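Chain and residue survey
One letter stands for each residue in the lines below.
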Amino acid sequence: MERIPEPELMEKKDQVISYDEADFSEGEVNLINQINHYLLRKNISLGEKDLIVDLGCGPGNISEKLAIKWANTEVVGIDGSKEMILRAEYNKNISQNKKKLKNLRYICSDIKNIKSTNFLINRDISLLVSNSLIHHITNLEDFFNTIKSLSSNITVNFHKDLKRPLDEKSALELKAQCSTKYNEILTNDYYASLRASYTFKELKKFTSENDLSSLDVFEDGDKYLIVYGNV
Ligand SMILES: C[S@@+](CC[C@H](N)C(=O)[O-])C[C@H]1O[C@@H](n2cnc3c(N)ncnc32)[C@H](O)[C@@H]1O
């Protein structure tokens, strides 16, 4: 199936609300566990001096879980959509875990302008994470240039995203499954995201042709891809 890009930022209020109200917690907990296992395997333990950055943080679901799991670190969530950042701040404020989220802050910035945001981050990033971001980025160069410019030799990258279905029929089946659980706005967004996603081959080709082979690409089941490692 040909890739059909979708708008990068999720800026419409109804879109943000639909996304925020959906329960993706199973997948989110799964991602935190995957990151944790990877760090344990690499003998890396994160503490006070460490900074975690969550790119395309949306309403903050992953950022909050990172801030609670690695409670002694500083966590920064970045999103280019003002509506999403407002929602993330709101969620942090009303969270039952509010007291545990003092190590979490948000920045509104497009990842393509990240250089001008760098001063807001001001130290080396230990863990650079994203979830469901890569497919929003129209050109893969923009995503990889961003993670390159944010990474130092201590930075562990861990980026999880949807994998593009093989054909339109499979995409429509996934869309139909989604519609049994979620509203029409979210179902349409999910379908657009499936069509905008990259394939394993595309990510692998990009990393090997652009001097990024220290990053690995992994197929996580039949729906997800993970790009991980050091840049
Ligand atoms: C599908 S949501 C994922 C949100 C969150 N990571 C999660 O897993 O719940 C993708 C988010 O990436 C943001 N985004 C897309 N392109 C971006 C860009 N170029 N710069 C910053 N944020 C971007 C969107 O605004 C949206 O909030």
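The paragraphs below set out a description of the structure included in this document.

Quick notes on the overall build of the chain
Helix and strand counts for the chain come out as 9 helices and 7 strands. The C-alpha radius of gyration computed for the chain amounts to 17 Å, which stays within 12% of the reference 17 Å derived for 231 residues, consistent with globular compactness. Seen through its principal axes, the chain has C-alpha atoms that stretch 50 × 45 × 35 Å. Out of the 231 residues in the chain, the part that is buried amounts to 35%. A fraction of 73% describes how many contacts in the chain between residues 6 or more apart in sequence connect residues 24 or more apart.

Topic: the environment of Asn 153
Locating Asn 153 in the fold gives a position in the loop between helix H6 (140-150) and strand E5 (156-162). Between the C-alpha atoms of Asn 153 and Ser 126, which are 27 residues apart in sequence, the distance is 9.1 Å.

Describing the sheet that holds E5
The mixed open sheet is built from 7 strands, whose spatial order is E3-E2-E1-E4-E5-E7-E6. Looking at strand neighbours, the two that pair on one side only are strand E3 (104-108) and strand E6 (215-220), the edges of this open sheet. With direction set aside, neighbouring strand axes in the sheet form an average angle of 15 degrees. Direction of pairing for strand E1 (residues 51-55) relative to strand E2 (residues 74-79): parallel, over a ladder of 5 bridges. Across the sheet, Leu 51 pairs through a bridge with Glu 74, a residue of E2. The sheet strands contacting helix H2 (residues 25-41) are strand E4 (127-131), E5 and strand E7 (224-229), and the helix crosses E5 at an angle near 150 degrees.

Concerning the site of the ligand
Among the 20 residues in the neighbourhood of the ligand, the closest are listed as Glu 8, Gly 56, Gly 58, Gly 80 and Asn 131. Tallied by class, the residues present in the shell around the ligand amount to 8 nonpolar, 8 polar and 4 charged.

Considerations on the environment of Met 84
On the secondary structure map, Met 84 appears in helix H4 (residues 82-94). Taking the C-alpha atoms as reference, Met 84 lies 9.6 Å from Tyr 19; in sequence the two are 65 residues apart. If we skip the residues at most four places from it in the chain, Met 84 touches Met 10, Val 16, Gly 58, Pro 59 and Asp 79.

Considering the packing of H2 against helix H3 (residues 61-69)
Close contact between H2 and H3 brings their axes to 10 Å; oriented N to C, the two are set at 45 degrees. As far as their axial angle goes, H3 and H2 are oblique. By crossing handedness, the relation of H2 to H3 is classed as right-handed. Contacts between H2 and H3 involve Glu 28, Leu 31, Ile 32 and Asn 36 on the former and, on the latter, Asn 61, Ile 62, Lys 65, Leu 66 and Lys 69. Residue composition of the contact of H2 with H3, by class: 4 nonpolar, 2 polar and 3 charged.

Focus: the nonpolar core
Core analysis: the biggest nonpolar cluster contains 44 residues, and Ile 52, Val 53, Leu 66, Leu 127, Leu 128 and Val 129 have the highest contact counts within it. With 4 residues, H6 is the single largest residue contributor to this core.

Notes on helix H8 (residues 184-196)
Taking 1.5 Å as the rise per residue, H8 with 13 residues should run 18 Å; its terminal C-alpha atoms sit 18 Å apart, in good agreement. Residues of H8 that are buried include every one of Asp 189, Tyr 190, Leu 194, Arg 195 and Ala 196, and no others. Contacts made by the buried residues of H8 are with helix H1 (13-21), E5 and helix H7 (168-179).

Cut-offs and rules
- Per chain, residues are indexed from 1 in the order of the written sequence.
- The predicted nature of this model means local features are confined to residues of pLDDT at least 70 and side-chain atom pairs, given and counted, to a pLDDT of 80 or more, with totals for whole chains, interfaces and linings taken over all residues.
- Only DSSP runs of H or I covering at least 4 residues are called helices, and only runs of E covering at least 2 are called strands; the numbering of each starts at the N terminus.
- When we talk radius of gyration, it's over C-alpha atoms, and the globule rule is simply 2.2 Å times the number of residues to the 0.38.
- Here the C-beta atoms are placed from the backbone, and a residue counts as buried if at least 20 other C-beta atoms lie within 10 Å of its own, exposed if 12 or fewer do, and partly exposed otherwise.
- Contacts here follow a simple rule: the backbone-placed C-beta atoms of the two residues must lie within 7 Å.
- Paired strands, as defined in this entry, are two strands with at least two bridges between them according to DSSP.
- Fitted lines through C-alpha atoms give the axes, limited to the stretch in contact for helices. The angle between two N-to-C directions lies from 0 to 180 degrees.
- Only the C-beta atom matters for nearness: placed from the backbone, it must lie within 6 Å of the molecule or strand for the residue to count as near.
- Polarity classes work like this: nonpolar for Ala, Val, Leu, Ile, Met, Phe, Trp, Tyr, Cys and Pro, charged for Asp, Glu, Lys and Arg, and polar for all others, with Gly in that last group.
- The cut-offs work like this: below 35 degrees is roughly parallel, past 145 is roughly antiparallel, 65 to 115 is roughly perpendicular, and the gaps in between are oblique.
- For any pair of crossing helices, the crossing counts as left-handed if the nearer helix is rotated counterclockwise from the farther one by less than a right angle, and right-handed if it is rotated clockwise.
- Take the buried Ala, Val, Leu, Ile, Met, Phe, Trp, Tyr and Cys residues, join any whose C-beta atoms are within 7 Å, and the set you get is a nonpolar core.
- To estimate the expected span of a helix, subtract one from its residue number and multiply by 1.5 Å.

Any functional reading would require information beyond the geometric quantities listed.
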